[in-house]
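# A closer look at the structure
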Protein chains: 2
Amino acid sequence: MAKPLRKDAQRNRDLLVAAARELFAERGLDVPLEEIARCAGVSIGTLYNRFPGRGELVGAVFADRVAATRALAEEALAMPGAWDGLVHLLEGVCALQAADLGYNALASGRGPSSAVSGEILAEGRDLMRRIVTRAQESGELRPDVTLEDMVFVIWGHARTVEATAEIAPRLWRRHLALLLDGFRAPAPGPLPEPPLTPEQARRAMSPHRPP
Amino acid sequence: MAKPLRKDAQRNRDLLVAAARELFAERGLDVPLEEIARCAGVSIGTLYNRFPGRGELVGAVFADRVAATRALAEEALAMPGAWDGLVHLLEGVCALQAADLGYNALASGRGPSSAVSGEILAEGRDLMRRIVTRAQESGELRPDVTLEDMVFVIWGHARTVEATAEIAPRLWRRHLALLLDGFRAPAPGPLPEPPLTPEQARRAMSPHRPP
DNA sequence: TGGGAAGTTGAGGCCTGCCTCAAGTCGCTA
DNA sequence: TAGCGACTTGAGGCAGGCCTCAACTTCCCA
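Bear in mind the structure is a predicted one, so any value in this text is a computation, not a measurement.

About the cut-offs
- Residues numbered from 1 in each chain as written.
- Chains lettered and ligands numbered in written order.
- Predicted model: local features only at pLDDT ≥ 70, side-chain atom pairs only at ≥ 80, totals over all residues.
- Heavy atoms only, no water.
- Helix = DSSP H or I, 4+ residues; strand = E, 2+ residues; numbered from the N terminus.
- Buried < 20%, exposed > 50% of the residue type's maximum accessible area, 1.4 Å probe, protein only.
- Contact = heavy atoms within 4.5 Å.
- Areas by Shrake-Rupley, 256 points an atom, 1.4 Å probe, with all protein chains shown as cover.
- Lys, Arg positive; Asp, Glu negative; His and termini not counted.
- Charge placed at Lys NZ, Arg CZ, Asp CG, Glu CD.
- Near = heavy atom within 4 Å.
- Polar contact = N/O pair within 3.5 Å; in protein donor to acceptor, adjacent residues only side chain to side chain.
- Nonpolar A, V, L, I, M, F, W, Y, C, P; charged D, E, K, R; others polar.
- Expected span 1.5 Å × (residues − 1).
- Axes fitted to C-alpha atoms, helices over the stretch in contact; angles between N-to-C directions.
- Parallel < 35°, antiparallel > 145°, perpendicular 65-115°, else oblique.
- Left-handed = near helix turned anticlockwise from the far one by under 90°.
- Core = buried A, V, L, I, M, F, W, Y, C linked by side-chain atoms within 4.5 Å.
- Domains from an automatic or database assignment.
- Buried area = accessible area lost by both parts, 1.4 Å probe.
- Salt bridge = Lys/Arg side-chain N within 4 Å of Asp/Glu carboxyl O.
- Least-squares fit on C-alpha atoms with pLDDT ≥ 70 in both.

So, on to the overall build of chain A. Within chain A one finds eleven helices and zero strands. Reading chain A from its N terminus to its C terminus gives the helix and strand order α-α-α-α-α-α-α-α-α-α-α. Judged by the C-alpha coordinates and their principal axes, chain A covers about 60 × 40 × 40 Å. Relative to its 211 residues, chain A shows a buried fraction of 50%. Within chain A, counting contacts between residues at least 6 apart in sequence, those at least 24 apart form 70% of the total. For chain A, the exposed surface amounts to about 9,600 Å²; the carbon and sulfur share of it is 54%. Mean positive and mean negative side-chain charge positions of chain A (26 and 27 charges, respectively) differ by 5 Å.

Below you can see the structure in the form of C-alpha cells.
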C-alpha cells in the first residue's frame, strides 16, 4: 500500500479527477491535459506529479465505471428472465456509452494504451458468459452467437452515439432495439463467418495494436 | 470550365491523388499532408498549390467512390428480389468500408468539413428510398423502419471494421448478417423512439457540427 | 527560340499539445 | 514553532503538423 498523500496533494488529486471526469464525459478522452489542469485550478506540473500520463488519469477517472458495469452484470444475472437480463446489461452499457463520451471511447476499445483498456468488458467476462449461456439455454438468444459477438453491440453503438448525442440523444435506443432483434431466437438463417476467437477478441478490443 | 493544367502540373496532380488514395485507404483521412506529398515525390508547396486543403484532396480522391456507390444502388434496384437488392447495396457499402479506412470515415460522417461529406449517402438518396420502399412492399423488410434507419448499418459497421480489419478481415460479414436479421420482417415487437427526421439525419451525418 | 506565365520548391513561421525541472511554497511532525 | 521533505509552479524545450512565400525552374506559344 502506498503511503497516504499529504492533505493538499490529496485535494488536488481529487480536483484533477473531478475535472477530468467532466471533460472526458463531454469531449472524449483526447482533451488536452493542460486544459484539465486549468479546469481543476492546478498547474500542469501538478497533474504530471500525480499521474505519469493520460492513461493513469483515465484509469483513476473510470475506476468507478468499471465497478458500475460489473454491478450491472450482476443485476442482469439476478433477473428472472434470461433474455431480459441480457437486455438489461446491454442497455445499461449503452446508456453509459451515451452519457459519457469517454466511457464510449473506452468501451469501444479506443482508450490510451495504459488505461483500463478492455477492462470494462474483460472485468466481467465470465459473468457475461453466464448471462449469454443462460439466455441461449432459455431459447431466447439465438444459439449460433457467442460471447465474442456481444462486442458488436458495443462497437455498433459507439459511432451512433457519437453522431447523435446532441441531435437525438435517445435515438440509440432504437438502434439497440434493431440490433437486439437480430440476436433473438429463432435465427432466420445461418451466420456467415465464424465468430472471433477469445484471443482475437482480446486483440481487437485492446487499443493501438502494434503494426 | 477551368482551363486545363499544364502537362507537368497535371502529372503532379495525378501523382498526389494516387498517393493520397493509397494512404487514405490504409491509414484513414488524417495522414499528414506532408507525408502524402513526400509519397507522391512532390513538395508540400505543390500540394497546396493544387488543393487548398485536405477537404479538396479528399474530394478528388473519393469522387469515383461516390460514383461506385451510386452504381451499386442502381444494381440493387435492378435485382429481381427486393430484399436481395437491399442486401446487395448494404453489403457493397460495407465491403467498401472494410477495404478503405478513408471511405469508412467518410461514409460514417467523419470527413474533413469541406469534403464530399454525406454526399456518398446523400448522392443516391431517392434511389435508396426506392430500394427501401420496395423491400417493405414485398414484405421482407420490417415496415416500422425508415430510410433514415439505414445509417445504423453504416455507423454500426464503422467501428467494427476499424477494430477488426487486421485481425479478422472478413468478420464484418458476421456483424452485418446479425444487423440485417434485425431488419427482417416480421418485426418481433415495436421499436422504441421515433426514427431520425430527414433533417436530423442530414445533421447527424455531416461532420464537425457546430457547438 | 526566347520570354513570360505557370508551376515548383522547401526553409521557416505558426500553433498546439506533451513533458521537464529548478526554484519556490507549504504541511507535518518532533 | 522550526525545519525537512513533500508538493506546486510555470516558463520553456521539444515534436508534429499546418501553411506561406520569395526565389527558382519548366513549359508553351508567338
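Still more ground to cover, so stick around.
In the neighbourhood of DNA strand C, 21 residues make up the surrounding shell, with Arg54(A), Arg6(B), Asn12(B), Thr46(B) and Asn49(B) lying closest. Taking Ser43(B), its main chain carries an N or O atom lying 2.9 Å from a phosphate oxygen of DNA strand C. Here a phosphate oxygen of DNA strand C and a side-chain polar atom of Arg50(B) are 2.9 Å apart. Take the surface near DNA strand C: its biggest share by element is five residues, from helix α3 (residues 44-50) of chain B. Among the residues forming the surface near DNA strand C, the class breakdown is seven nonpolar, five polar and nine charged.

Glancing now at the protein's contact with DNA strand D. With respect to spatial proximity, 20 residues lie near DNA strand D, and among them Arg6(A), Asn12(A), Asn49(A), Tyr48(B) and Arg54(B) are the closest. Considering the 4 Å shell around the protein, atoms of DNA strand D inside it are sugar or phosphate in 62% of instances. Between DNA strand D and Lys7(B), the relevant distance is 3.2 Å, taken from a phosphate oxygen to a main-chain nitrogen or oxygen of the residue. Of all the secondary structure elements, the ones that give two or more residues to the surface near DNA strand D are α1 (7-27) and α3 (44-50) of chain A together with α1 (7-27) and α2 (33-40) of chain B. Counting residues per element, the surface near DNA strand D draws most heavily on α3(A), at five residues.

As a further point, take helix α9 (residues 151-164) of chain B. Think of an α-helix as 3.6 residues a turn; residues three or four steps apart then line up on the same face. Here α9(B) spans 20 Å end to end across 14 residues, near enough to the 20 Å set by a 1.5 Å rise per residue. Most of α9(B) sits out of view: 13 of its 14 residues are buried.

All names here are of chain B. Close contact between α9 and helix α10 (residues 172-183) brings their axes to 10 Å; oriented N to C, the two are set at 155°. Classified by the angle between their axes, α9 and α10 sit roughly antiparallel to one another. The handedness of the crossing between α9 and α10 is right-handed. Contacts between α9 and α10 pair Val153, Gly156, His157, Thr160 and Val161 from the former with Trp172, His175, Leu176, Leu179 and Phe183 from the latter. In terms of residue class, the contact of α9 with α10 is made up of six nonpolar, four polar and no charged.

Further remarks concern the nonpolar core. Within the largest apolar cluster, 132 residues are counted, with the highest numbers of intra-cluster contacts made by Phe24(A), Ile36(A), Phe24(B) and Ile36(B). Setting aside chain neighbours within four positions, we find Ile36(A) in contact with Leu16(A), Ala19(A), Ala20(A), Leu23(A), Phe24(A), Val31(A), Leu47(A) and Leu57(A).

Interfaces are often described in size by the accessible area the parts lose on coming together. All names here are of chain A. Domain boundaries in chain A define domain 1 (1-51) and domain 2 (63-186 + 196-205). Residue-level contacts link seven residues of domain 1 with nine residues of domain 2. In total, domain 1 and domain 2 occlude about 490 Å² of area from one another, counting both sides; carbon and sulfur atoms represent 63% of this. It is Arg21, Ala25 and Leu29 in domain 1 that bury the most area against domain 2; as a group they hold 79% of the surface buried on that side. A salt bridge links arginine 21 to aspartate 64, with the nearest nitrogen and oxygen atoms 3.8 Å apart. The tally of links between domain 1 and domain 2 comes to two residue pairs in polar contact (both at pLDDT 80 or more).

The subject of this paragraph is the relation of the copies chain B and chain A. Look at the two chain copies: a rotation about an axis and a shift along it is all it takes to match them. Overlay of chain B on chain A (RMSD 0.0 Å): rotation 180°, translation along the axis 0.0 Å. Both chain copies can therefore be described as sitting about a two-fold axis. The fraction of interface residues of chain B whose copies in chain A are also interface residues reaches 100%, indicating that both copies meet through the same surface.

Between chain B and chain A, the residue contacts involve 43 residues of the former and 43 residues of the latter. Interface of chain B and chain A: buried area, both sides summed, is about 3,900 Å²; carbon and sulfur atoms make up 63% of it. Ranking the residues of chain B by area buried against chain A places Arg159(B), Ile167(B) and Arg174(B) at the top, with a combined share of 21%. Taken together, the links from chain B to chain A amount to 16 residue pairs in polar contact (both at pLDDT 80 or more). Those elements giving two or more residues to the side of chain B that touches chain A turn out to be α9, α10 and α11 (198-205) of chain B. Taken together, the residues of the side of chain B that touches chain A break down into 19 nonpolar, nine polar and 15 charged.

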